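# Observations on the three-dimensional arrangement
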Amino acid sequence: MPALLAGLVLAGLAGLMVGSVAVAPGEILKRLWAALLGQSSHDPTDQILLAARLPRLVLAASVGSALALAGLAAQTLFRNPLATPSIIGVSSGSALGAVLGLLLAGRAGFSSSALVPVFSLASGLAVTAMVFALGRRGNFFGHALLLAGIAIGSLCSSLTTAALYLAGERLQAIVFWLMGGLWQANWRDAWLMLPLAAGSGAALYVLAPSMNVALVGERSAHDLGLNLPRLQRQLLVIIAVTTAVAVSLTGVIGFIGLVVPHLLRLVIGADHRRLVPATALGGAVLLMLADMMARTLASPAEIPVGILTAVVGAPVFLWLLNKRLGRPAA
Amino acid sequence: MSLRVENLSFGYYAGHPVLNGLNLEIRTGQVTGLFGPNGCGKSTLLRCLNGALHPQSGAVLHEGQRLDKLTLREIAARIAVVPQETSAGVPFLVREMVMMGRFARWDLWGQESPEDHAAVHASLERVGAADLADRHFDELSGGERQRVIIARALAQETRVLLLDEPASHLDIAHQLEVFHLARELAGEGYTVLMVCHDLVVAPMFVDEAVLLKAGKVFARGTVPQVLHAQNLSACFGCSLGITWPSLGAATIMLGK
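Just so you know, the residues in each chain are numbered from 1, in the order the chain's sequence is written. Following the order in which they are written, the chains are lettered starting with A and the ligands numbered starting with 1. Restriction of local features to residues with pLDDT of at least 70 applies here, the model being predicted, together with a cutoff of 80 or more for giving and counting side-chain atom pairs; totals for whole chains, interfaces and linings are based on all residues. Neither water nor hydrogens contribute to the side-chain values; these are computed over all heavy atoms in the structure.

## Quick notes on the domain arrangement of chain B
Residues and elements named next belong to chain B. As annotated, the domain borders come from an automatic or database domain assignment. We note that the domain assignment places domain 1 (1-78 + 158-229) and domain 2 (91-156) within chain B. The centre of domain 1, based on its C-alpha atoms, is set 24 Å off from the matching centre of domain 2. Of the residues lining the interface, 15 residues belong to domain 1; the matching set on domain 2 comes to 14 residues. The quantity reported as buried area is the accessible area (1.4 Å probe) lost by two parts once they are put together, taken as the sum for both. Both sides of the domain 1 and domain 2 interface together cover about 1300 Å² of buried area, and 59% of this is carbon and sulfur. Whenever Lys or Arg places a side-chain nitrogen within 4 Å of a carboxyl oxygen from Asp or Glu, that contact is recorded as a salt bridge. Counting every contact that joins domain 1 to domain 2 gives three salt bridges. E188 is the partner of R126 in a salt bridge, and the nearest nitrogen-oxygen pair spans 2.6 Å. Counting of polar contacts relies on pairs of N or O atoms within 3.5 Å, with two restrictions inside protein: one atom must be capable of donating a hydrogen and the other of accepting it, and residues adjacent in sequence are counted only when both atoms are side-chain atoms. Connecting domain 1 to domain 2 are eight residue pairs in polar contact (both at pLDDT 80 or more). The criterion used for residue contact is that any of the two residues' heavy atoms lie within 4.5 Å.

## Quick notes on the interface of chain B and chain A
In this assembly, 33 residues from chain B lie in contact with 25 residues from chain A. Approximately 2400 Å² of surface area, both sides summed, lies buried where chain B meets chain A, with 59% of it carried by carbon and sulfur atoms. Inspection of the region where chain B meets chain A yields two salt bridges. Residues R274 of chain A and E96 of chain B are paired through a salt bridge, measuring 3.1 Å at the closest nitrogen-oxygen approach. Inspection of the region where chain B meets chain A yields three residue pairs in polar contact (both at pLDDT 80 or more). Taken together, the elements giving at least two residues each to the side of chain B that touches chain A come down to α2 (72-76), β6 (79-82) and α3 (94-99) of chain B. Its residues placed into classes, the side of chain B that touches chain A shows 18 nonpolar, nine polar and six charged. Strands are runs of DSSP state E lasting at least two residues, helices are runs of H or I lasting at least four, and both sets are numbered from the N terminus onward. Following the grouping adopted for this structure description, the nonpolar residues are Ala, Val, Leu, Ile, Met, Phe, Trp, Tyr, Cys and Pro, the charged ones are Asp, Glu, Lys and Arg, and the polar ones are all others, Gly among them.

## As for the side chain of S200 of chain A
Residues and elements named next belong to chain A. One can find S200 in helix α8 (residues 187-215). With relative accessibility at 6%, the residue S200 sits in the buried group. Apart from residues lying up to four places away in sequence, S200 is in contact with L69, I238 and T242. In this scheme, a residue with accessible area under 20% of its type's maximum is buried, one over 50% is exposed, and one in between is partly exposed, where area comes from a 1.4 Å probe on protein chains only.

## Here's the deal with the packing of aromatic side chains
All names here are of chain B. Within 6.5 Å between ring centres, the rings of Phe, Tyr and Trp (the latter by its six-membered ring) count as paired, and their orientation is classed by plane angle as stacked under 30 degrees, edge-to-face over 60, tilted in between. Across all of its chains, the model carries three aromatic pairs over all chains by this definition. Both a distance and an angle decide whether a charge sits over a ring: NZ of Lys or CZ of Arg must be within 6 Å of the ring centre and within 35 degrees of the ring normal. The positively charged end of R73 is found above the aromatic ring belonging to F103, 4.5 Å away from the centroid. Above the ring of Y190, the side-chain terminus of R159 is found at 4.6 Å from the ring centroid.

## Some words on the pattern of salt bridges
Under the criterion given, the structure shown has 20 salt bridges over all chains. Between R188 of chain A and D189 of chain A there is a salt bridge, with the nearest N and O atoms lying 2.9 Å from each other. We classify R188 of chain A as exposed; its relative accessible area is 52%. Residue classification places D189 of chain A among the buried positions, given a relative accessible area of 5%. With its nearest N and O atoms 2.6 Å apart, the salt bridge here joins D134 of chain B to R95 of chain B. Highlighted residues: D134 of chain B in the loop between α4 (114-126) and α5 (142-155) and R95 of chain B in helix α3, separated in sequence by 39 residues. Look at D134 of chain B and you get exposed, because its relative accessible area is 55%. Taking the relative accessible area as the measure of exposure, R95 of chain B reaches 36% and is therefore partly exposed. Through salt bridges that share partners, E27, K30, R31 and D43 of chain A make up one connected network.

## Quick look at the environment of D189 of chain A
Residues and elements named next belong to chain A. Structurally, D189 is set in helix α8. Along the chain, D189 and P55 lie 134 residues apart, while their C-alpha atoms are 8.2 Å from each other. Setting aside residues no more than four positions away along its own chain, D189 makes contact with L59, Q184 and L249.

## Examining the sheet that holds strand β4 (residues 57-62) of chain B
Residue and element names in this part refer to chain B. Paired strands, in this sense, are two strands between which DSSP finds at least two bridges. Overall, antiparallel pairing links the four strands, which are arranged β2-β1-β4-β5 in an open sheet. At either margin of the open sheet sits one strand with a lone partner, and together these are β2 (16-26) and β5 (65-66). Note that strand β1 (residues 3-13) and β4 share five bridges and pair antiparallel. The residue of β4 that forms the bridge with R4 is L61.

## Things to note about the pairing of strand β9 (residues 208-213) of chain B
Looking along a regular strand, one sees side chains alternate from face to face of the sheet. Residue and element names in this part refer to chain B. Counting buried residues along β9, five of its six residues qualify, which places the element largely inside the surrounding structure. In terms of strand pairing, β9 meets strand β10 (residues 216-221) through five bridges, oriented antiparallel. Within the sheet, the bridge partner assigned to A209 lies in β10 and is G221. Hairpin connection between β9 and β10: a loop of two residues separates the two successive antiparallel strands, and A214 in this loop has a positive phi of roughly 50 degrees.

## A look at helix α1 (residues 42-49) of chain B
Residue and element names in this part refer to chain B. Here α1 lies mainly inside the structure; seven of its eight residues are buried. Taken together, the buried positions of α1 are K42, T44, L45, L46, R47, C48 and L49. Downstream of α1 by one or two residues, G51 has phi in the positive range, about 75 degrees.

## Notes on the confidence of the model for chain A
Summing up the model confidence of chain A, the mean pLDDT is 84 and the portion of residues at 70 or higher is 94%. The pLDDT value expresses, per residue, how confident the predictor is, ranging between 0 and 100. Across chain A, the element-wise mean pLDDT spans from 77 in helix α13 (residues 305-326) of chain A up to 93 in α8 of chain A.

## Observations concerning the side chain of T84 of chain A
Residues and elements named next belong to chain A. Among the structural elements, T84 can be located in the loop between α3 (44-77) and α4 (90-108). One polar contact links T84 to S86, side chain to side chain, over a distance of 2.7 Å. When sequence neighbours within four positions are dropped, the list of residues in contact with T84 reads A74 and L258.

## A closer look at the environment of A250 of chain B
All names here are of chain B. Structurally, A250 can be placed in the loop between β11 (240-243) and β12 (251-254). As a C-alpha pair, A250 and P203 span 47 residues in sequence and 8.1 Å in three-dimensional space. For A250, the residues in contact, after removing those within four places along its chain, are L199, V200, I242, T243, W244 and P245.

## A short note on unusual backbone geometry
Residue and element names in this part refer to chain B. You will see that E63, though not glycine, has its phi angle at about 50 degrees, which is positive. Along the chain, the position of E63 falls in the loop between β4 and β5. Notably, A214 is not glycine yet its phi reads approximately 50 degrees, a positive angle. Structurally, A214 is set in the loop between β9 and β10.

Okay, structure coming up:
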């Protein structure tokens, strides 16, 4: 945990330093301190730091946290280490909404920055509600929910593909959005996402003992006094809301939700009371680093950050997996 | 009288009752063995006894209190269950698994107290598994795992233990270990109910045998009174002979 906190601070500092204009760490701390005291100097460096890099950094950290936490919640909900929020259809639902928003904005001349998040959020939540309504009629949270999520998710994906086919000149903008990125970051988005990420982290921390018990199986959970259906509904709401908002602001950023909880489970074990805070920090650090690379590697062009989360995360993950599997008699 | 079952009926599907107006009293301080053929309702009864299944009619009472009036947490603070087999699937440590026995005692903001840690430690000591505390649960042998799960049940600090064929996946030495433990706990004042699959070893550790047939109590009493050839043949539907030596395991002979 101290290592992750240090990582958060270092990644944050690095994210503020690096860019088309490099700023020294001492300078950054001085200017942040001045800004906190309400004495920012409004010179170009302050503009870059406080109006461009800082909100983007805060958004990256909170989206990374929220996605990693949603992944952890999904893995516990389905008792499956391969589960992600996309299993309940929320990611593809949000993506479809965003694409429709982009197309409409192109037609009607609206600003896409307002239309896309609203469409995306509404569609993500609507799809989750639909999946839930279908899934709960079968055996509760067994295969019915999973199958309904996969079916509706696939439907959304093919509708998204159809929209791409019809997109014409908007195609590139849509594809770029779908790949996920934080280039549109601003303080409004950051202030929306930060409390959401913190709130879902706090909620999951409170639920951590219940999540532990839920992992040992339906019958055992019941025998130990856990109301499993209620926990599952709570987790579902947390997953749906955080994922839908995150996707609506930054597009589909994959890999974090799958890998961060998994990776940390290998290092610190399965107890959610440690895993929840570690996952929140780990997700933040990974997306901050990935986004720093996204905006600097091919500068002045942007690389979609969804590509880089995997590029940063996969080697670390494979290394840990290999180390774990190489251990004798595991 | 610790647990009482009154006129209990339960079925998974309408028109197919598994338990059919069953009445039973389970006494404190002894091991009650539940015997019967597959499908006679042994495990279903056990799951009704801790409120995991809701009977269509009748009631289960613990110390005079109807279970259907209690919350899951309240039941888990009164009655603990040891299933046939448990796997964690994720890398939980043994002490983390046993700590889950304390779950029912925590409120929303509840965290582990020194009292919880003491209970976990005492439970592991009680089953002779204190040295396993920092091992991964899924890396243990079947016998070790079952001892840890019994420790988890003890950490719940209930007075009732329900064991669902606790030894059916274990070799003979580990079976004996679990059965001895069940006996000792009954001697310490626990109410122990054990679903028994095997008719040879398990009956040696049972104070009172209950034989089920078609969702009803067919016979109850001491082991030789209940598990004799005539009853067994009637319940299991095959011809069996059985002899009970004064000490040691039964001998079972196949009839013609």
